[in-house]
Amino acid sequence: MRSIGISAGMVLVMWIGPSYCPAQHLVWQDTIQLFDLGCLADSGTSLASAKIIQQVEYSLALSAALFINWDHDPGTNQVLLLQDIVYRCLAENNRRFRFSQKMVHHLGIQYFFDSITRFQVDNNQFETRLEWRIRNNHSGFLSAILTTRLFNGYDFSVNDKGYLVRTLNSSFLTPFTGLFSGGFQFKWPRFGSLNMGITSAKLTWLRDKGIYEAQQTTLLYGVPSDKKYLFEYGISLQLLIDHEVTRWLHWNCDLLLFKNSDLPPDLSLKNDLGFRLTKFLQARICTRIFYEERISNKVQLENMVSVGFTVTL
């Protein structure tokens, strides 16, 4: 009886007095909030709040070109299958910190009716970013952008005997590039952001050393054959635009510049206009521009127009 009385008295004191034991309360959209147990009714005041948002977008498009009695380029009959996967993950709280990850997978399989099959688009990028807010629309950031292709890439040519010959020019992790940056971010709400990397480093690594023999050279992508990788220091600039222009038009743009002390800036531009025709049918105009003096002195431009199935989860 005495122990029961002591326990009842302790419960009464905890009921009347303030409590400092927090508990977790799960609310909608995976938002976790902490409340004081002394406040039995939800006051709406959050001691700490965090949320995690994930999104996956998948699209598949098929196109074909068939020429009959065509006098120009008779071997251009082809079928092209395009697959795009974009995964986004965002974790942030009501304070100052924001952590995000983004994975972009672009893969195209191109089949020519003269027995040539190749991966025309093979671009895979994984980006991790940590941001902390300094003031409204101004933040500091740390980021890492990793890029590689998945399948072998070849150059096709005709030898002296008229046979088609293919030469390896790239493969998985050949090259593998990583851009690491730290600096300041200026954000335009519902439009995009500008990231100024005041200190940056770029890593280029070739996993398959046999590519030097295939290309008959001792220097590829800036990496000599007697070295494993190339590491450069410099500055970077990234412009990100993710804007819903209208209900049926979405604009996505990623402009990335890296400048070291010796060479002109490396340029990578990906511009994507998505036209939503129906709920699951979308037309896209994709433009990609690349320039890196270590690879080529020419500005490489690629334009693709596609219509296909798109779903967002």
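Residues numbered from 1 in each chain as written. Predicted model: local features only at pLDDT ≥ 70, side-chain atom pairs only at ≥ 80, totals over all residues. Heavy atoms only, no water.

1. Description of the nonpolar core
When a protein is soluble and globular, its nonpolar side chains tend to lie buried together. In this structure, Leu206, Ile211, Tyr212, Leu220, Tyr221, Val223 and Leu230 together form the largest nonpolar core, which totals seven residues. With near-sequence residues (within four places) excluded, Leu230 lies in contact with Lys202, Leu203, Thr204, Tyr221, Gly222, Val223 and Arg294. Among the nonpolar cores identified, the runner-up in size contains five residues, and Ala61, Leu80, Leu82 and Met304 belong to it. (Core = buried A, V, L, I, M, F, W, Y, C linked by side-chain atoms within 4.5 Å. Buried < 20%, exposed > 50% of the residue type's maximum accessible area, 1.4 Å probe, protein only. Contact = heavy atoms within 4.5 Å.)

2. Let's talk about the confidence of the model for the protein
Of the residues in the protein, 82% have a pLDDT of 70 or more, and the chain-wide mean is 84. Here residues 1-29 is a poorly scored stretch, pLDDT under 50, and it has 23 contacts once near neighbours within four places are set aside; other chains count. Here residues 31-46 scores under 50 on pLDDT; set against residues more than four positions off or in separate chains, the count is 37 contacts. (pLDDT = per-residue confidence, 0-100.)

3. Digging into the environment of Ile295
Of note, Ile295 is situated in the loop between β17 (281-291) and β18 (300-312). Measuring from C-alpha to C-alpha, the distance between Ile295 and Tyr221 comes to 5.2 Å, with 74 residues separating the pair along the chain. (Helix = DSSP H or I, 4+ residues; strand = E, 2+ residues; numbered from the N terminus.)

4. Let's talk about the packing of aromatic side chains
One pass over the full model with this rule turns up six aromatic pairs. Between Trp248 and Phe275 the ring centres are 6.2 Å apart and the planes differ by 25°, which places this aromatic pair in the stacked class. You can see Trp248 sitting in the loop between β14 (229-244) and β15 (249-260) and its partner Phe275 sitting in strand β16 (residues 266-276), a full 27 residues away along the chain. Trp248 sits in the partly exposed class, given a relative accessible area of 48%. By relative accessible area, Phe275 is classed as partly exposed at 23%. A cation sits over an aromatic face here: Arg166 above Tyr154, 4.2 Å from the ring centre. (Phe/Tyr/Trp six-rings, centres within 6.5 Å; stacked < 30°, edge-to-face > 60°. Lys NZ or Arg CZ within 6 Å of the ring centre and 35° of its normal.)

5. Considering unusual backbone geometry
Going from Thr174 to Pro175, the amide bond is cis rather than trans, its omega being 5°. As for its position among the elements, Pro175 is in the loop between β9 (164-170) and β10 (176-188). The phi dihedral of Asn137 is positive, around 65°, even though this residue is not glycine. Classification of Asn137 as partly exposed rests on a relative accessible area of 37%.

6. Brief notes about the pattern of salt bridges
All chains considered together, the criterion is met by 12 salt bridges. Arg129 is paired through a salt bridge with Glu127; the nearest N and O atoms lie 2.7 Å apart. The exposure class of Glu127 is buried, given its relative accessible area of 8%. Its salt-bridge partner being Asp266, residue Lys202 comes within 2.9 Å of it at the nearest N-O pair. Of the two residues, Lys202 sits in strand β11 (residues 192-205) while Asp266 sits in strand β16, which places them 64 residues apart along the sequence. The buried category is assigned to Lys202, whose relative accessible area is 9%. A relative accessible area of 12% places Asp266 in the buried class. Salt bridges sharing partners connect three or more residues here, namely Lys51, Glu92, Arg98, Glu127, Arg129, Glu131 and Lys187. (Salt bridge = Lys/Arg side-chain N within 4 Å of Asp/Glu carboxyl O.)

7. Remarks on the side chain of His106
Here His106 shows up in strand β5 (residues 97-112). Reaching out from His106, the side chain makes a polar contact with the side chain of Asp84 at a distance of 2.6 Å. Setting aside chain neighbours within four positions, we find His106 in contact with Gln83, Asp84, Val121, Asp122, Asn123, Asn124, Arg284 and Arg288. (Polar contact = N/O pair within 3.5 Å; in protein donor to acceptor, adjacent residues only side chain to side chain.)

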